[in-house]
Each structure stands twice: as C-alpha cells, then as structure tokens.
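Residues per chain are reported as follows:
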Amino acid sequence: MREKIQEIIVVEGRDDTARLQEVFDVDTIETNGSAVSDQTIERIRRAQEKRGVIILTDPDYPGDRIRAIVEERVKGCKHAHLPRAEAKDKRGKIGVEHATPESLRRVLGAVFEPRVETDQPIVTRKMVLEANLIGGAAAATRRKRLGVLLRIGEPNAKQFVKRVEALGVTIEEWEQALAQLEEEQG
C-alpha cells in the first residue's frame, strides 16, 4: 500500500508525476517548464489554501528558478530538496523522475516549512563565511555536502545563504551538520 501525502506536490513535468505516483498516493501540479504561467500559479495558490503545497523540483538551475518563482508568488509552501547525486540517471541526466523510492521517501519525510519568526537563533551570512563555504578552493564541495546534510539542496553560495536564512536553519542544526562535515573530511 502506497503512503498517502496530504499536500499537493509541485513538480516540473509528467515524468516527475509518474515517478511520485509509483511510490505515493499523491496529487501533483506540473509547471511544464520554467515559464510558470499565471494560471499554474493560481492553481498552486488554491492548492496551498486547501491542502498545502510541497515544492519538489529538479536539483538544477531551471528547477531552482521554478522553485523561486513559486515561492515568491505563493506564500507558505513547504520545500523538499533532492540532492543532485540522487536525481541522476545512468547517462547523467538530472531529474526527480530518476530518484529511487528510498530517496523520495527520505526527502519528502524531511520537508522544510517556511521560516516563522521565532526567538530561536538562526544561521547568518557571517556564519556561512566563517565555515569556509564561500570562496576558496574547497568552498563549493563543502557547501554542496553541507546542503545535503541540512536537506536544503546544493545551491550556489548566494542561494545557500538565502536558503539557510529562509528555511530557518537553527544554530543547533548548523553545528551538528558542520561537525559531521568536518568528521567526513577528517
């Protein structure tokens, strides 16, 4: 029996929908490319009001662009980030449709909700700089791995800072992920 997902998942295309429906009892809204239409945004807005929305786009530039458009125009969406390595097929093509059932269960089980104002301290741009995640020879590799550990995807430096702030990564989560990163890089 497939697990039922209450929220509607925003994906890029029908192959993503087909893959998700192999694993879950789920409804999706397909953006059909990075030029997200006003009509699609209105469907997503309505879905957000009625059932909630999870954005699960490909871990690449077009997917990040779609995520940003939807996030900007529909407030309160949840986010699931699939690491690039888990979204590749044998030929190196990237897409949600290539993810294993285990990867999909894991990323959808660790969905981030948008940050709500809180008194709990969150990670700042200064902390990202101090962790050697911007600039330097190893910054991109460190940033990608830390993005996976924090379940925020594998963004570039600018997007990394935005995501840790927007998703409200706490100091405790940050320190645990950094410790694991340091241990792995030994």
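Conventions used here
- Residues numbered from 1 in each chain as written.
- Predicted model: local features only at pLDDT ≥ 70, side-chain atom pairs only at ≥ 80, totals over all residues.
- Heavy atoms only, no water.
- Salt bridge = Lys/Arg side-chain N within 4 Å of Asp/Glu carboxyl O.
- Helix = DSSP H or I, 4+ residues; strand = E, 2+ residues; numbered from the N terminus.
- Buried < 20%, exposed > 50% of the residue type's maximum accessible area, 1.4 Å probe, protein only.
- Contact = heavy atoms within 4.5 Å.
- Pairing = 2+ DSSP bridges.
- Axes fitted to C-alpha atoms, helices over the stretch in contact; angles between N-to-C directions.
- Parallel < 35°, antiparallel > 145°, perpendicular 65-115°, else oblique.
- Left-handed = near helix turned anticlockwise from the far one by under 90°.
- Nonpolar A, V, L, I, M, F, W, Y, C, P; charged D, E, K, R; others polar.
- Core = buried A, V, L, I, M, F, W, Y, C linked by side-chain atoms within 4.5 Å.

Trainee: Any details on the pattern of salt bridges? Residues and values, ideally.
Mentor: Counted by the stated rule, this structure contains 10 salt bridges. Salt-bridge contacts for Glu-42 lead to Arg-45; the nearest nitrogen and oxygen are separated by 2.8 Å. Note that Glu-42 and Arg-45 are positioned in helix α2 (residues 38-50) at a spacing of 3 residues, about one turn of the helix. Ionic pairing is found between Arg-145 and Glu-184, a salt bridge with its closest N-O pair at 2.7 Å. With a gap of 39 residues between them, Arg-145 in helix α6 (residues 139-150) and Glu-184 in helix α8 (residues 171-185) connect regions that are remote in the sequence. With relative accessibility at 29%, the residue Arg-145 sits in the partly exposed group.

Trainee: Give a description of the environment of Ile-134 that names residues and reports values.
Mentor: Structurally, the position occupied by Ile-134 is in the loop between α5 (125-130) and α6. Sequence-wise, Ile-134 and Phe-160 are 26 residues apart; in three dimensions their C-alpha atoms are separated by 9.4 Å. When near neighbours in sequence (up to four residues on either side) are disregarded, Ile-134 contacts Arg-125, Val-128, Leu-129, Ala-139, Arg-143, Ala-157 and Val-161.

Trainee: Give me the lowdown on the sheet that holds strand β4 (residues 28-30), citing residues and values where you can.
Mentor: Taken in spatial order, the 4 strands make up an open sheet running β4-β2-β5-β6, and their pairing is parallel. Each end of this open sheet is capped by a strand with a single partner; those strands are β4 and β6 (78-79). Bridge analysis of strand β2 (residues 8-11) against β4 gives 3 bridges, and the strand direction is parallel. Pairing of Val-10 across the sheet is with Ile-29, part of β4.

Trainee: Lay out the side chain of His-79 with the relevant residues and their values.
Mentor: Counting through the fold element by element, His-79 comes out in strand β6. Judged by relative accessible area, His-79 falls into the buried class, the value being 3%.

Trainee: Provide a residue-level description of the packing of α6 against α8, including the pertinent values.
Mentor: Two elements in contact, α6 and α8, have axes whose closest approach is 10 Å; the angle formed by their N-to-C orientations is 130°. By the criterion of interaxial angle, the relationship of α6 to α8 is oblique. Viewed along their axes, α6 and α8 form a crossing whose handedness is right-handed. Contacts between α6 and α8 involve Arg-142, Arg-145, Leu-146, Leu-149 and Leu-150 from the first element and Glu-173, Trp-174, Ala-177, Leu-178, Gln-180, Leu-181, Glu-182, Glu-184 and Gln-185 from the second. The class makeup of the residues in the contact of α6 with α8 is 7 nonpolar, 2 polar and 5 charged.

Trainee: Pulling in residues and values, what's your account of the nonpolar core?
Mentor: Judged by nonpolar contacts, the single largest core of 18 residues is most densely connected at Ile-9, Leu-20, Phe-24, Leu-56, Leu-104 and Leu-108. Of all the elements in the fold, those that place two or more residues in this core are β2, α1 (14-23) and α4 (101-109). Per-element accounting of this core gives the leading share, 3 residues, to α4. Residue contacts for Leu-104: discarding those within four places in its chain leaves Arg-19, Leu-20, Val-23, Phe-24, Leu-56, Val-96 and Ala-99. Core analysis: the next-biggest nonpolar cluster, separate from the first, contains 17 residues, Leu-150, Phe-160, Val-169 and Trp-174 among them.

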